[in-house]
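Reading the structure
Take a look at the letters that make up each chain.
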Amino acid sequence: KKLEKLASSDALTGLANRLAANDRLYAEFARFKRSGSCYAVMIIDIDHFKDVNDNYGHAAGDQVLLQVAGALAGAVRDSDFVARFGGEEFLVLLPDTLLARAWQVAEKLRLSVESLPDAGFGRVTISIGVAAVNADDADEDVAVRSADGMLYLAKASGRNCVKLADASV
């Protein structure tokens, strides 16, 4: 059990890591194909994170990662899934959630991070891309790629915002 926990957890934040996220995405996609139970995916990136590391050092960057991880984990349901997906990227999986509700959750997460106390490194903000699984999706990676594309759009739109894969919401 200990080895399994170590293999599936991010050493710094204690959140699930990318390996665990990939496993959870696969399981959620299989559940969707079997039962039609929808889900939404968010890819989240800390805005200007490189500036924190460059200007204040990696210990400061680690502190920001811990703050953001705590804010994200503390603002979702117990049934939701939060993982550190890359350096300063996080993935949030929202089971049984349509895109309109996912947007509300994303805004809640964005505001939660934006309102974190300044630890001396400036205001921390995040950009979020959101997508929902689709019946046409070939595999679990389609929604993730779509959310990632929306993340890039959020970054290009000035950061500290949420962009949806379906603009009709």
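Before going into details, it helps to say that this report is about the structure given with it. This structure is a prediction, so every number in the text was calculated from the model and none was measured.

**Thoughts on the sheet that holds strand S2 (residues 81–84)**
If you walk across this open sheet you meet the 5 strands as S2-S3-S1-S4-S5, and the pairing is mixed. Of all strands in the sheet, those with a lone pairing partner are S2 and strand S5 (162–164), marking the two edges. Going across the sheet, the axis of each strand differs from the next one's by a mean of 20 degrees, ignoring polarity. In this sheet, S5 lies alongside strand S4 (residues 126–132) in parallel orientation, the contact comprising 3 bridges.

**Considerations on the packing of aromatic side chains**
What the rule picks out here adds up to 3 aromatic pairs. Aromatic side chains Phe29 and Phe32 sit 6.2 Å apart centroid to centroid with 40 degrees between the ring planes, which places their arrangement in the tilted category. Taken together, the positions of Phe29 and Phe32, both in helix H2 (residues 18–35) and 3 residues apart, correspond to about one turn of that helix. Side by side, Phe29 and Phe32 carry an identical accessibility label, which is buried. Summarising the aromatic geometry, the rings of Phe32 and Tyr39 are spaced 6.4 Å apart at their centres and angled 90 degrees between planes, so their arrangement reads as edge-to-face. Each member of the pair, Phe32 as well as Tyr39, is classed as buried.

**Side note on the side chain of Asp10**
Mapped onto the elements of the fold, Asp10 is located in the loop between helix H1 (2–8) and H2. At 3.2 Å, the side chain of Asp10 and the side chain of Arg84 are in polar contact. If we skip the residues at most four places from it in the chain, Asp10 touches Leu15, Ala16, Asn17 and Arg84.

Cut-offs applied
- Residues numbered from 1 in each chain as written.
- Predicted model: local features only at pLDDT ≥ 70, side-chain atom pairs only at ≥ 80, totals over all residues.
- Heavy atoms only, no water.
- Pairing = 2+ DSSP bridges.
- Helix = DSSP H or I, 4+ residues; strand = E, 2+ residues; numbered from the N terminus.
- Axes fitted to C-alpha atoms, helices over the stretch in contact; angles between N-to-C directions.
- Phe/Tyr/Trp six-rings, centres within 6.5 Å; stacked < 30°, edge-to-face > 60°.
- Buried < 20%, exposed > 50% of the residue type's maximum accessible area, 1.4 Å probe, protein only.
- Polar contact = N/O pair within 3.5 Å; in protein donor to acceptor, adjacent residues only side chain to side chain.
- Contact = heavy atoms within 4.5 Å.

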